[in-house]
Every structure is written in structure tokens, then in C-alpha cells.
Amino acid sequence: MTSFSSASRRGSALAITLIALTVLLMLVVGAITFTGRNQSAAVSKMRGDRVEACAETARRHLLSRLKVFGAGAIPVTSINLEQVLMDDEVVADRSTMRTAHVGDTASAPTAAVLASSSFSSGKDQVSDAANTLREGTTGGSYYRVVVMCGEPGGRQAETEFVFRFGI
């Protein structure tokens, strides 16, 4: 009987080992799946952040170009911005910033003049020295502009903002 008891101990040790290895294998597969999902989420967030930063860049670029666009030759409402950014080594993967709404494939003027009466008393309190000839000048018109940035993969972001420009 001692030989029978020794054989049953070896059989149960093998079964316990197989069960433990199966549990460990399931934990490893679960960890790999979780890591893959985390990586996909991180890549998606990174692409979203990139296109949002591109839209903010488009807004800042348009504001920096106002002196060129609004020098009297071109009215602010007809500003048409379309520029490919050097944000990728591969030319086909570069982002494009333009004056357009999300979904538009071509750039179009998206600036509109806003009535200064829609800003209440705050219109006299805010003065951007970069857009005036001298400090303290409270003239100019208010404009609403939409700029959009898109990637070749189809992801797009839009920024709509209001600014005051002129003397």
C-alpha cells in the first residue's frame, strides 16, 4: 500500500502544478491584454492632444498674421488660411491648418464681424496692445473666426474664437 500512496501523491502534485500554471497563464494573458488596451488608449489620447495643439497653433498663427492680412489690402472677414505644418517627417502624414469648420475639405473664409453692443460694458475694459497703434486706443471691430486642423488619418479639431482688431 505504500507504493499506492506514493503514486497518488505524485499524481495530485502534478494536478496542482497544472492548475497553478493555468492560473498563472491566465494572469499573464490578462496583463498582456490590459497593456494592449492601455497602449491603444494612450496612442488615441496622444493623437487627440496633437490635433488639439494644432488647432491652437492655427489660432495663434492667424492672430500673428493680422497685421499682414488686415493691412487694408485684405479685409479681416476674407482671411483664408490653409497651411501644411511641418509636424511629421513623412509629407503625407503632415497636418493641415485652415480657416474652416470640422468636416470641410477646403478652406473658406470663416470670419464674421460681431456687433460691439453684444459685449456689454466689457468691450471698453479689454484692450490688446498688439492690435493697436498706440496704447489706450479703444477702437476696432470684433471678429469671430473658426480655424480647424486636420490630420491625413481623418482626425480634426476646430477652434472658434473672438478678437478685436483695428484702431
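See the structure shown above.
Residues numbered from 1 in each chain as written. Predicted model: local features only at pLDDT ≥ 70, side-chain atom pairs only at ≥ 80, totals over all residues. Heavy atoms only, no water.

Asks: It is not clear to me how the overall build of the protein chain should be interpreted in this structure. Could you clarify?
Replies: Across its full length, the protein chain holds two helices and five strands. Ordered by position in the sequence, the α and β elements of the protein chain form the string α-α-β-β-β-β-β. By sequence separation, contacts in the protein chain at least 24 residues apart represent 62% of the contacts at least 6 residues apart. Here the protein chain displays about 11100 Å² of accessible surface, and carbon together with sulfur accounts for 60% of that area. (Helix = DSSP H or I, 4+ residues; strand = E, 2+ residues; numbered from the N terminus. Contact = heavy atoms within 4.5 Å. Areas by Shrake-Rupley, 256 points an atom, 1.4 Å probe, with all protein chains shown as cover.)

Asks: When you look at the state of the cysteines in this model, what are you seeing that I'm missing?
Replies: Working definition: the covalent bond between the sulfur atoms of two cysteines is a disulfide. Enumeration according to the criterion identifies one disulfide in this entry. Between the sulfur atoms of Cys54 and its disulfide partner Cys149 the distance amounts to 1.6 Å. In this structure the cystine formed by Cys54 and Cys149 twists about its S-S bond by roughly 60 degrees; its chirality is therefore right-handed. Of this pair, Cys54 sits in helix H1 (residues 2-64) while Cys149 sits in strand S4 (residues 141-150), placing them 95 residues apart in sequence. Pair check on accessibility: Cys54 and Cys149 agree, each one buried. (Disulfide = S-S within 2.5 Å. Buried < 20%, exposed > 50% of the residue type's maximum accessible area, 1.4 Å probe, protein only.)

Asks: Just checking my understanding: could you explain a nonpolar patch on the surface for this structure?
Replies: Residues Leu14, Leu18, Ile19, Leu21, Val23, Leu24 and Leu27 make up a contiguous nonpolar surface patch of roughly 710 Å² in combined accessible area. Along the chain, the position of Leu27 falls in helix H1. (Patch = residues over 30% accessible without salt bridge, like charges linked within 9 Å, V, L, I, M, F, W, Y side chains within 5 Å. Salt bridge = Lys/Arg side-chain N within 4 Å of Asp/Glu carboxyl O.)

Asks: How should the environment of Gln83 be read in this particular structure?
Replies: Relative to the helices and strands, Gln83 is located in strand S1 (residues 82-84). Overall, the relative accessible area of 32% leaves Gln83 in the partly exposed class. Once the C-alpha coordinates of Gln83 and Cys149 are considered, the two residues, 66 residues apart in sequence, prove to be 9.6 Å apart.

Asks: Quick question: what am I supposed to make of the packing of aromatic side chains here?
Replies: How two aromatic rings sit relative to each other is given by the distance of their centres and the angle of their planes. As enumerated under the stated definition, the model contains two aromatic pairs in all. An aromatic cluster is defined as three or more aromatic residues linked by ring pairs; in this entry it consists of Tyr143, Phe161 and Phe163. Against the face of Phe161 rests Arg59, its NZ or CZ located 5.7 Å from the ring centre. (Phe/Tyr/Trp six-rings, centres within 6.5 Å; stacked < 30°, edge-to-face > 60°. Lys NZ or Arg CZ within 6 Å of the ring centre and 35° of its normal.)

Asks: Teacher, can you tell me more about the nonpolar core here?
Replies: The nonpolar side chains of a soluble globular protein tend to be buried with one another. Core analysis: the biggest nonpolar cluster contains 20 residues, and Leu62, Val145 and Phe163 have the highest contact counts within it. Elements represented by at least two residues in this core include exactly H1, S4 and strand S5 (156-165). Here this core gets five residues from one element, more than from any other, and that element is H1. (Core = buried A, V, L, I, M, F, W, Y, C linked by side-chain atoms within 4.5 Å.)

Asks: Is there a simple way to explain the pattern of salt bridges in this structure?
Replies: Charged atoms that come close allow side chains of opposite charge to pair. Inspection of the entire model under this criterion finds eight salt bridges. For Arg50, the salt bridge is made with Glu151, and the minimal N-O distance between the two is 3.5 Å. Here Glu151 lies in the loop between S4 and S5 and Arg50 lies in helix H1, a separation of 101 residues in the sequence. Where Arg60 meets Glu56, a salt bridge forms, and the shortest distance between an N and an O atom there is 2.9 Å. With Arg60 and Glu56 both in helix H1, this residue pair falls four residues apart, about one helical turn. Assessed through its relative accessible area of 27%, Glu56 is described here as partly exposed. The network of salt bridges with common partners includes Arg47, Arg50, Asp87 and Glu151.

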